[in-house]
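Report on the structure
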Amino acid sequence: NLAVLFWRACGCSPVASAHTNQPLPSALTAIINRLNRKDEFLNLHPWMKQMIIKVFDDKLSLGRAAAQQAGEAIRQAIEGNGQARIIAATGASQFELLDSLTSLPGIAWERVELFHLDEYIGLPAQHPASFRNYLRTRLIDKVGIRHYHLPVGEQEPAEVIRDVGDALRKAP
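In this report, we go over the structure that sits alongside the text. (Residues numbered from 1 in each chain as written. Predicted model: local features only at pLDDT ≥ 70, side-chain atom pairs only at ≥ 80, totals over all residues. Heavy atoms only, no water.)

This part covers the packing of aromatic side chains. According to the stated counting rule, one finds two aromatic pairs in the structure shown. With 6.1 Å between their ring centres and 25 degrees between their planes, Phe95 and Tyr134 make a pair best called stacked. Of the two residues, Phe95 sits in helix 4 (residues 95-101) while Tyr134 sits in helix 5 (residues 131-143), which places them 39 residues apart along the sequence. Plain terms: the ring middles of Tyr120 and Phe131 are 5.1 Å apart, the flat faces sit at 20 degrees to each other, and that makes the pair stacked. Taken as a pair, Tyr120 in the loop between strand 6 (112-115) and helix 5 and Phe131 in helix 5 lie far apart in primary sequence, 11 residues in all. Directly above the ring of Phe95 sits Arg138, whose terminal nitrogen or CZ lies 3.8 Å from the centroid. Between the NZ or CZ atom of Arg138 and the centre of the ring of Tyr134, over which it lies, the distance is 5.4 Å. (Phe/Tyr/Trp six-rings, centres within 6.5 Å; stacked < 30°, edge-to-face > 60°. Helix = DSSP H or I, 4+ residues; strand = E, 2+ residues; numbered from the N terminus. Lys NZ or Arg CZ within 6 Å of the ring centre and 35° of its normal.)

Right, dumping it as structure tokens:
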């Protein structure tokens, strides 16, 4: 099942979820209305019928829930495959998730291979806006991930794309 996690922001429309009886953002309401109609949309996208939508009161509870889900997926991958390969997202939207994820017990981080797919061209890793700096500070150094692939901003972009693509293709 695909889980979509949302948190309510200011200015929500007064439409309530049957699950939580809480107001939902109008964009989410529009998606739910389309999901509830038996029309071509659902026939074109059958995976939408199995989507789980969860609404949270704030970013902290959303981050915690997403971290729990990610942590369980990482643990299961390690148990089943001996390792987990993950792609991390960056930005202010990930603060709560990464804070919660890095505090979860029982994850063998030394068996996690991390990928990130973005970096600013020409930006050194030490720069405060660097995604490499962000991930080292908020994830890699915090939990001891040993095997990671972070695009190098000072490298030729075509070379970076090739290197990361080759690393991604090595295993599922």
